[in-house]
Structures are given as C-alpha cells and as structure tokens.
Amino acid sequence: MELFGVETDLVRPGDDLAEVILRGMEKAGLRLADGDVLVVAVSAVATAEGGIVDLSLVTPGDQARELAEMYDKDAREMELIIRSSDRIIGGIPGVVLTIKDGFLYPNGGIDHSNAPPGHVVLFPRDPGRSAAELRKRLEEASDKRIGVIVGDSRTHPLRLGCVGVALACDGIVPVEDARGQKDLFGRPLMITRKAVADNLVSAAEVVMGEGDEGIPAVIIRGAPVRLADDGEDMRIPNIPPEECMYIGSLRCGPHPYQGGYDRLIEEAAEAMERSYAPYSGFRVGAAILARDGKVYSAANVENASSGASICAERAALAKAVSEGSREFEALAVVAETEEPVAPCGICRQNLIEFGDEIKVIMANVRGDAEIATVGELLPRGFTRRSLMTGPSDGI
Ligand code: THU
C-alpha cells in the first residue's frame with residue numbers, strides 16, 4: 001500500500017474542493033489510478049461548503065448557558081452543539097460527548113481547531129453527499145474508478161492520541177464482514193468485522209497530520225478494499241448504544257432533555273392538574289407512551305393512610321398495563337418543583353419490570369427537563385432475570 005499526501009492551498013469557504021485537490025495533485029505530479037482511495041479531512045469539506053461560524057453572531061439560549069457552565073465551555077459554542085446533536089450524553093470540562101445520527105461525536109462534531117480565531121467549523125451538512133460529489137468530480141477529471149472517504153480524528157476511550165475515523169465514504173465498502181473466517185487455530189471468528197474505512201483514515205492521518213501541514217487529502221494506492229457495486233450500501237454501519245461495549249457499560253443518566261417528547265410532557269402536566277394531594281400538596285402528573293403510540297396519563301392519588309398513596313408514574317403505568325399495553329417507549333413526569341422531578345424508588349422498580357430501556361423524561365412546570373433510561377435510574381436492578389437465576393443453595 002502506498003500513500004501520497006496532497007498538499008493544497010489553504011481551503012477557504014466557498015472553494016470548489018475537488019478543484020483545490022486536483023490543483024494540489026497537479027502541482028505534485030500526482031495522478032489517480034483505478035482502485036485508489038482518496039481520504040479527505042472533514043475540516044476541509046466543512047470549510048469549503050461554508051460551514052464556518054463567527055461565534056460573535058450566535059446568541060445562546062438558556063439551556064446552552066446552563067450546559068456551558070456545567071461543562072466549562074463557551075455558551076455560544078454550546079448553542080451550536082445543541083443544534084447540531086440529537087443528544088448530549090455527558091461531558092468533562094471543555095468537551096461534551098454527543099450522539100448525532102446514531103454516531104458518537106465530541107461537541108456535536110463542531111470543531112474549533114483549523115478555524116480562524118473566534119470561529120468554529122460546523123459539521124458538514126451531509127458528508128455522504130460530499131464524498132459522492134467529490135468522487136464524481138475526481139473520477140470525471142481522471143477517468144479512473146476510485147473511492148472517497150471523508151475522515152475525522154478521534155481518541156479511543158482511555159487512550160491518549162488521535163486515530164482516524166471515517167464519517168462517510170463513497171465507492172468503497174466501509175466495513176468488511178470477516179465473520180465465518182478462521183482464526184489462527186481454525187476456530188471461526190464470531191463477531192469480527194473489519195473497519196476498513198476507519199483503518200484507511202488512520203493510515204492517511206499518519207501523512208496528513210492534525211495541524212498546519214496543509215495536507216487535507218491523501219491518496220491511498222493498493223489498499224485492500226472492496227469497491228462498491230452499483231447500488232450497494234456504502235453507509236458506515238452503526239450499532240445501538242446499548243449494544244456498544246463503551247456506551248452500554250456507562251449507564252450514567254440523567255442527561256439534558258433535547259426534545260422529542262414535548263407532547264408527552266404536556267399530557268403529564270395536564271394530568272398533574274387532576275392530582276389528589278390534600279396531605280402533601282405535592283402535585284405530580286405522569287404520562288406513559290406505549291410502543292403502539294397510545295398514551296396513558298395519571299396523577300398522584302394520596303390517602304389518609306399515607307402508605308396507601310400512589311405516585312403518578314405508577315398510576316399511569318397501572319392504567320396502561322390494565323388497558324393491554326406491555327411495551328413502552330417513554331414516560332414523562334412533571335411536578336411544580338425547582339428541579340425536574342425524579343421518580344421514586346418504587347416507581348423505578350415498577351417501570352423496570354417493563355424494560356430498562358424505557359426513557360424517563362423528568363420535568364417541572366417551568367419547562368426544565370432531563371432524560372434517562374429506567375436502567376440508568378435503577379442500575380443493577382432486581383428484575384425477572386434475577387428471579388430466573390434462582391436462590392443460591394448456601395442458605
Ligand atoms: N409522588 C409522585 O407521584 N411521583 C414521584 O415521583 C414522587 C412522589 C407523589 C407521592 C405523594 O402523593 C406525593 O408525591 C408526596 O410524596
């Protein structure tokens with residue numbers, strides 16, 4: 001395998017990136033060959049498409065201000081991160097970890113390196129389309145069949161230093177299924193899939209560097225990749241968070257609520273108005289969304305014998321189950337509290353009976369909200385699985 005860095009002029013907003021790369025190749029006397037893979041840095045793609053934002057023009061909202069304080073970040077940048085991501089799952093001072101279209105991104109894919117001072121580079125609008133467009137242009141110019149990968153840098157958990165990751169590709173198959181192949185001792189490999197595109201970006205990054213090298217693209221020749229057939233799926237495959245070894249083992253909600261269940265929160269707030277709480281005066285409403293789309297809401301119902309009171313969440317759940325629903329997507333709970341209200345232990349126990357992936361949106365009437373799965377709210381819970389393993393013989 002051979003790698004050729006393509007040195008170019010500094011990429012500017014509005015540049016024709018294919019043109020910039022072709023000019024760089026010409027200057028260095030580089031020509032594309034059939035089967036070449038061109039890795040191009042995401043910062044170059046985003047910059048060329050004009051995704052550079054002057055932070056002084058961004059007005060942060062309340063949530064951005066709050067999260068910026070929590071994670072020690074610029075509130076304007078946080079505003080862009082919220083807009084760019086589907087979910088913020090946590091963070092450390094200076095960086096938040098986000099999920100966007102099923103992939104993990106630091107800071108929602110928004111980058112301040114390789115951007116002018118006071119500016120950030122946004123995530124490209126559609127990296128898959130950019131890869132396809134670049135491939136089309138370069139194939140036309142060279143009359144060769146190539147692959148294009150839009151690459152970015154990442155760190156592995158607990159490791160210092162960046163490796164490469166493919167954000168999108170075109171013309172090649174990004175992940176090769178090696179299941180069924182044999183290991184050194186003849187045993188079949190069970191779950192091995194080779195992230196070919198990621199590996200190629202890592203190789204390219206050895207040449208590309210991370211800073212002012214001025215090499216936004218690398219040609220890889222002789223890479224053992226499979227060129228995609230016409231119509232073949234070239235999207236980078238992902239797995240759900242609960243199946244991911246890293247994210248699945250770090251269940252640590254609640255997370256800031258970023259929308260998606262506003263109607264459910266409203267229904268919970270409406271149910272709260274029907275609360276029967278003459279003893280505590282603490283009004284709570286809950287609404288549970290079944291997988292079939294049905295919503296059941298309830299309020300807390302107190303009793304002179306205080307232990308006989310029932311919480312809103314359990315009342316909503318009981319209502320839903322007795323109407324025939326067994327599978328749930330989410331439950332919203334609302335109270336007139338300073339902080340979003342969280343379900344009590346008994347309610348968590350009742351909810352986990354129906355699945356640890358049910359989302360719980362904890363809210364207050366002021367509009368603050370947080371979200372967590374039931375599993376995050378009740379780690380190491382006692383469930384039917386615990387019963388199945390049976391009592392030990394020891395006692
Ligand atoms: N309560 C709920 O309905 N849900 C919660 O998550 C917390 C507590 C109710 C029970 C009781 O009626 C009142 O709030 C005070 O404990």
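Look up a bit, the structure's there.
All of the points below concern the structure found in this document. (Residues numbered from 1 in each chain as written. Predicted model: local features only at pLDDT ≥ 70, side-chain atom pairs only at ≥ 80, totals over all residues. Heavy atoms only, no water.)

Scanning the protein for helices and strands turns up 12 helices and 18 strands. With the C-alpha coordinates aligned to their principal axes, the bounding extent of the protein is approximately 85 × 60 × 40 Å. Classification of the 395 residues of the protein by burial places 44% in the buried group. In the protein, of all internal contacts separated by at least 6 residues, the share reaching a separation of at least 24 is 59%. With an accessible surface of roughly 21,400 Å², the protein has 52% of that area assigned to carbon and sulfur atoms. Across the protein, the 42 positively charged side chains and the 63 negatively charged ones have centroids separated by 4 Å. (Helix = DSSP H or I, 4+ residues; strand = E, 2+ residues; numbered from the N terminus. Buried < 20%, exposed > 50% of the residue type's maximum accessible area, 1.4 Å probe, protein only. Contact = heavy atoms within 4.5 Å. Areas by Shrake-Rupley, 256 points an atom, 1.4 Å probe, with all protein chains shown as cover. Lys, Arg positive; Asp, Glu negative; His and termini not counted. Charge placed at Lys NZ, Arg CZ, Asp CG, Glu CD.)

Attention now goes to the environment of P256. Here P256 shows up in strand β13 (residues 255–256). A sequence separation of 106 residues divides P256 from M362, and the C-alpha atoms of the two residues are 9.8 Å apart. The residues touching P256, leaving out its near neighbours within four places in the chain, are Q63, L67, I88, A369 and I371.

Side-chain positions along a regular strand alternate between the two faces of the sheet. The element strand β18 (residues 369–373) is extensively covered by neighbouring structure, given that four of its five residues are classed as buried. In this structure, β13 lies alongside β18, joined through two bridges in antiparallel fashion. Within β18, the residue paired with H255 across the bridge is I371. Looking at chain direction, strand β17 (residues 359–364) and β18 are connected through five bridges and run antiparallel. Across the sheet, residue V360 finds its bridge partner in β18, namely A372. Remark: four residues form the turn of the hairpin made by β17 and β18, two consecutive strands paired antiparallel; G367 in that turn has positive phi of roughly 100 degrees. (Pairing = 2+ DSSP bridges.)

This next bit is on the pattern of salt bridges. Going through the model one piece at a time under the given rule, you end up with 21 salt bridges. Residue R83 pairs with E79 through a salt bridge whose shortest N-O separation is 3.1 Å. Remark: E79 and R83 occur in helix α4 (residues 75–84); sequence separation between them is four residues, near one turn of the helix. Its relative accessible area of 55% is what places R83 among the exposed residues. Residue class for E79 comes out buried when judged on its relative accessible area of 13%. Among the ionic pairs, R263 bridges to E270, the shortest N-O distance being 4.0 Å. (Salt bridge = Lys/Arg side-chain N within 4 Å of Asp/Glu carboxyl O.)

Taken together, the residues surrounding the ligand are S280, F282, V284, N300, E302, C311, A312, E313, A342, P343 and C344. Residue E302 places a side-chain N or O atom 2.6 Å away from an oxygen atom belonging to the ligand. When the free accessible area of the ligand is taken as 370 Å², the share hidden by the protein chains comes to 78%. Residues that form the shell around the ligand fall into these classes: seven nonpolar, two polar and two charged. (Near = heavy atom within 4 Å. Polar contact = N/O pair within 3.5 Å; in protein donor to acceptor, adjacent residues only side chain to side chain. Nonpolar A, V, L, I, M, F, W, Y, C, P; charged D, E, K, R; others polar.)

In this structure the tally under the stated criterion is two aromatic pairs. Judged by centre distance (5.0 Å) and plane angle (70 degrees), the rings of Y105 and F123 are edge-to-face. In this pair, Y105 sits in strand β6 (residues 103–106) while F123 sits in the loop between β7 (119–121) and α5 (127–142), placing the two residues 18 residues apart along the sequence. Since its relative accessible area comes to 5%, Y105 is described here as buried. A relative accessible area of 14% means that F123 is categorised as buried. Look at F328 and F354: their rings are 5.8 Å apart centre to centre, the planes differ by 85 degrees, and that puts the pair in the edge-to-face class. One end of the pair, F328, is in strand β16 (residues 328–335); the other, F354, is in the loop between α10 (345–352) and β17, with 26 residues separating them in the sequence. (Phe/Tyr/Trp six-rings, centres within 6.5 Å; stacked < 30°, edge-to-face > 60°.)

Let us look at the packing of helix α3 (residues 62–71) against α4. Contact geometry for α3 and α4: axes closest at 8 Å, N-to-C directions at 115 degrees. The angle between the axes of α3 and α4 places the two elements in the roughly perpendicular class. The chirality of how α3 crosses α4 is right-handed. Counting all contacts with α3, which are made through Q63, A64, R65, L67, A68 and Y71, the residues of α4 involved are A75, M78, E79 and I82. Its residues placed into classes, the contact of α3 with α4 shows seven nonpolar, one polar and two charged. (Axes fitted to C-alpha atoms, helices over the stretch in contact; angles between N-to-C directions. Parallel < 35°, antiparallel > 145°, perpendicular 65-115°, else oblique. Left-handed = near helix turned anticlockwise from the far one by under 90°.)

In this fold, E205 is placed in helix α6 (residues 196–208). The side chain of E205 is buried and forms no salt bridge, while R154, the nearest opposite charge, is found at 8.0 Å. Side chain to side chain, E205 and S153 meet in a polar contact 3.1 Å long.

This part takes up a nonpolar patch on the surface. A cluster of nonpolar side chains, namely Y276, Y279 and V301, defines an oily patch on the protein surface of about 320 Å² accessible area. Of note, V301 is situated in the loop between β15 (295–299) and α9 (312–322). (Patch = residues over 30% accessible without salt bridge, like charges linked within 9 Å, V, L, I, M, F, W, Y side chains within 5 Å.)

Our focus in this paragraph is α10. Considered for burial, the residues of α10 that qualify are C347, R348, L351 and I352. An end-on view of α10 places all buried positions within 130 degrees of arc, on one side of the element. Residues of α10 that are buried in the fold lie against β14 (284–290), α9, β16, β17 and α11 (374–377). (Arc of directions from axis to C-beta.)

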